[in-house]
Amino acid sequence: EPEVTQTPSHQVTQMGQEVILRCVPISNHLYFYWYRQILGQKVEFLVSFYNNEISEKSEIFDDQFSVERPDGSNFTLKIRSTKLEDSAMYFCATRRTVLNYGYTFGSGTRLTVV
Amino acid sequence: AQKVTQAQTEISVVEKEDVTLDCVYETRDTTYYLFWYKQPPSGELVFLIRRNSFDEQNEISGRYSWNFQKSTSSFNFTITASQVVDSAVYFCALTYGGATNKLIFGTGTLLAVQP
């Protein structure tokens, strides 16, 4: 079964550093999402991406965050200057079409900011 | 407002007991989808079921069953004869019409199955 691949699985970074989280979507999927889960809390929507642009973003997704799909395959989430409160599990999810409401989640990247 | 409520924060049962996890949702849309995901201690999100708003048939898959009732805006999940491997956090989620169809998650229910 096709998978969404996220790398790295775990990243530790110093406060103030930039991090890039990577996701390889399923090849025929058109809609891409990032979600965040702070330890012990619910999964929260960050941003959706379609046709090479952001289609919706949450209040969490401020100017510190950006997404892109630079080479047509990897879908990346960049956090410019990490804060302690950015420590969380970040999930990438992809979906094929508007009419297909099935989402495929990656296994997540655990980001620890120290 | 679109919202998913999982009022049960933690449930503890003994193996072989049946357990029901509650999910109540709010949406103004007439077309929507409901989901259940399992998150084991390893952290990944495991898809369990998707149900659309026009299909109120209950579903059974092995020891798992789901009861969808539009009249009470509920989509409850029952595990029959629970096992230790069922121990996990279970999330109910909703998506509705709109270009992005983002998923809105409930706060999750931690299920602990004791041997």
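Keep in mind that this is a model prediction, so the values were computed, not measured. (Residues numbered from 1 in each chain as written. Chains lettered and ligands numbered in written order. Predicted model: local features only at pLDDT ≥ 70, side-chain atom pairs only at ≥ 80, totals over all residues. Heavy atoms only, no water.)

## Some points on the nonpolar core
Trp36, Trp66, Phe77, Tyr90 and Leu111 of chain B are the most contacted members of the largest nonpolar core, which totals 26 residues. Those elements that provide at least two residues to this core are β2 (10-14), β3 (19-21), β5 (32-39), β6 (46-52), β8 (64-69), β9 (74-79), β10 (88-96) and β12 (109-114) of chain B. Among the elements that take part in this core, β10 of chain B stands out by supplying 5 residues, more than any other. Grouped together as the second largest cluster of nonpolar side chains are 21 residues, Val4, Val19, Val67 and Ile79 of chain A included. (Core = buried A, V, L, I, M, F, W, Y, C linked by side-chain atoms within 4.5 Å. Buried < 20%, exposed > 50% of the residue type's maximum accessible area, 1.4 Å probe, protein only. Helix = DSSP H or I, 4+ residues; strand = E, 2+ residues; numbered from the N terminus.)

## Looking at the state of the cysteines
Counted by the stated rule, this structure contains 2 disulfides over all chains. The residue that forms a disulfide with Cys23 of chain A is Cys92 of chain A, at a sulfur-sulfur distance of 2.0 Å. As the torsion about the S-S bond is roughly -60°, the Cys23 of chain A-Cys92 of chain A disulfide counts as left-handed. Here Cys23 of chain A, found in strand β3 (residues 19-24), pairs with Cys92 of chain A, found in strand β9 (residues 88-95); they are 69 residues apart in sequence, far enough to count as distant. Comparing Cys23 of chain A with Cys92 of chain A, the two get one shared label, buried. With its sulfur 1.9 Å from that of its partner, Cys23 of chain B forms a disulfide with Cys92 of chain B. Measuring handedness by torsion sign, the sulfur bridge of Cys23 of chain B and Cys92 of chain B sits at about -65° and is left-handed. (Disulfide = S-S within 2.5 Å.)

## Quick look at the interface of chain B and chain A
If you look at the interface, chain B gives 18 residues, while chain A gives 20 residues. If you look at where chain B meets chain A, you find 1 salt bridge. The partner of Lys102 of chain B in a salt bridge is Glu56 of chain A, with the nearest N and O atoms 2.6 Å apart. Counting across the chain B and chain A interface gives 6 residue pairs in polar contact (both at pLDDT 80 or more). Every element with two or more residues in the side of chain B that touches chain A is listed here: β5 and β10 of chain B. With 4 residues, β5 of chain B is the single largest residue contributor to the side of chain B that touches chain A. (Contact = heavy atoms within 4.5 Å. Salt bridge = Lys/Arg side-chain N within 4 Å of Asp/Glu carboxyl O. Polar contact = N/O pair within 3.5 Å; in protein donor to acceptor, adjacent residues only side chain to side chain.)

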